[in-house]
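Residues per chain are reported as follows:
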Amino acid sequence: MSEHCFRARWAQRALSPASMLLSSQGEETTLYFCSGDPDSLDAVAAPEAGILILDGTAPHIVDPVIPGARDSLINLGVCLDEAAMRPRLPHIRACMADHAACSQRARAYMRSAWALRRDSAAALHACMDEAHVARMQGALIAAVLQAEGERSDTPAVRPVITDAVTPKGELCLLTDGAQQRVIRLGRHFAMDLTPVLRALSHAAQAAGYDVEEHLSPMSPGSLLHLTIPALHTLVTTNETLACEQTFDFAACVPAARLLRRECALEQSRTDIARHMQCAVQAMAQAKQLHDELETFYVPNMDFGRWQTLLDETVASLKE
């Protein structure tokens, strides 16, 4: 969900039936939502079955790696009445240019917000009581690993993105019902707890557990959450989820050390919020232009032919 995706809504209509079919066959599926339109899908994967179906159009163009022998290209473009669309070329081109400009503006605001957050995180890090952090990190690891679960001889790390900036605002797909145990990490607004989550990830792997590292959509090198599926445990920095235990890392910053940076940090918080609001507004404008662009395509789409292609694709998943 980190990309502001320009995409056609009929790709969503194709991906949903595929997901339902795979789920009905008992396959565990992963849904990849579009940050530019969070009600739509960009891809559906069934890892155990070795199946991935994705929207390969711009700006996330993907071609078959091994055409024919393993991979297939489903060309929905054959369903378009291109002759009827050519007279609309100037309008389509202008709409696409405006859409691109809005997306670029959204990314610029997010880069600015992240730069401010990074500077604030560095200021907070300079104030932290490292010994206190180490003690709390050790307590967190002990609390998480006191549970028992199925271990692996070759524990793996799976990177995932469950948060995004969208036209609807900042969204998180995590729910408190997704895991049996939720542990929250309390923090100051800009505190980067990636080192703590990485330490927990390494400890869990050393104990023989697979982990899922939830990456920040604004900085994929940073972590927001960690899931240990075998222990049915989610460790999160999200403040809205119900949790059974909290480790408050904000307490690792002594008030006396924080005092002289308090005004600058509060100003940074205000500026970050303003930049993120502008980013969301720009994405909302891009979404409106996306919808306008669809008005050029949908009337010229042969949905009868499209349905035939969809039926053939879904049938191939049953083989």
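Sequence order as written defines residue numbering, which begins from 1 separately in each chain. The predicted origin of the model limits local features to residues at a pLDDT of at least 70 and limits the giving and counting of side-chain atom pairs to 80 or more, whereas totals for whole chains, interfaces and linings rest on all residues. Computation of side-chain values: all heavy atoms of the structure, hydrogens and water removed.

(A) Structural view of the overall build of the chain. Strands are runs of DSSP state E lasting at least 2 residues, helices are runs of H or I lasting at least 4, and numbering of each runs from the N terminus. Of regular secondary structure, the chain possesses eight helices and 11 strands. Buried, partly exposed and exposed residues are distinguished by accessible area as a fraction of the type maximum, computed with a 1.4 Å probe on protein chains only: under 20%, between the cut-offs, and over 50%, respectively. The buried share among the 319 residues of the chain stands at 42%. Considering only residue pairs separated by 6 or more positions, the chain has 77% of its internal contacts joining residues 24 or more positions apart. In this description, contact between two residues means that some pair of their heavy atoms is separated by no more than 4.5 Å.

(B) Layout of the pairing of strand S1 (residues 30-34). With five bridges connecting them, S1 and strand S2 (residues 37-46) associate as antiparallel partners. Looking across to S2, one finds that Leu31 is bridged to Val44. The antiparallel hairpin formed by S1 and S2 contains two residues in its connecting segment. A pair of strands is considered paired only if DSSP assigns at least 2 bridges between the two.

(C) Spatial organisation of a nonpolar patch on the surface. On the surface, a nonpolar cluster with roughly 350 Å² of combined accessible area is contributed by Tyr32, Leu52, Leu54 and Val62. Examined against the element boundaries, Leu52 turns out to sit in strand S3 (residues 51-54). Judged by its relative accessible area of 51%, Leu52 falls in the exposed class. For patch building, the residue pool is restricted to those with more than 30% relative accessible area and no salt bridge; the joining distance is 9 Å between like charges and 5 Å between nonpolar side chains (Val, Leu, Ile, Met, Phe, Trp, Tyr). Using a 1.4 Å probe, accessible areas were evaluated by the Shrake-Rupley method; residue-level cover was limited to the displayed protein chains. What makes a salt bridge here is a side-chain nitrogen of Lys or Arg within 4 Å of a carboxyl oxygen of Asp or Glu, nothing more.

(D) Seen up close, the packing of helix H4 (residues 130-145) against helix H5 (residues 194-206). Axis definition: a line fitted to C-alpha atoms, over the contacting stretch in the case of helices. Angles run 0 to 180 degrees between N-to-C directions. Axis separation between H4 and H5 bottoms out at 10 Å; the angle between their running directions is 40°. Considered as vectors, H4 and H5 are oriented oblique to each other. Between H4 and H5 lies a crossing of right-handed hand. Between H4 and H5, the contacting residues are Val133, Gln137, Leu140, Ile141, Val144 and Leu145 on the first element and Pro195, Val196, Ala199, Leu200, Ala203 and Ala204 on the second. By the convention adopted, Pro, Cys, Tyr, Trp, Phe, Met, Ile, Leu, Val and Ala count as nonpolar, Lys, Arg, Asp and Glu as charged, and the other residues, Gly among them, as polar. Along the lines of polarity and charge, the residues of the contact of H4 with H5 split into 11 nonpolar, one polar and no charged. Each angle receives one of four descriptions, namely roughly parallel if under 35 degrees, roughly antiparallel if over 145, roughly perpendicular if within 65 to 115, and oblique otherwise. In this scheme the handedness of a crossing depends on how the near helix is turned from the far one: anticlockwise by less than a right angle means left-handed, clockwise means right-handed.

(E) Inspection of the packing of aromatic side chains at higher detail. Aromatic rings from Phe, Tyr and Trp, with only the six-membered ring used for Trp, were paired whenever their centres fell within 6.5 Å, and each pair was classed as stacked if the ring planes differed by under 30 degrees, edge-to-face if by over 60, and tilted otherwise. Counting across every chain of the model gives one aromatic pair. Ring plane angle 70° and centroid distance 6.0 Å describe the contact between Phe303 and Trp306, whose orientation is recorded as edge-to-face. Here Phe303 and its partner Trp306 are both found in helix H8 (residues 303-317), three residues apart, which amounts to about one turn of the helix. Relative accessible area serves as the criterion here: at 28%, Phe303 is assigned to the partly exposed category. Judged by its relative accessible area of 7%, Trp306 is buried.

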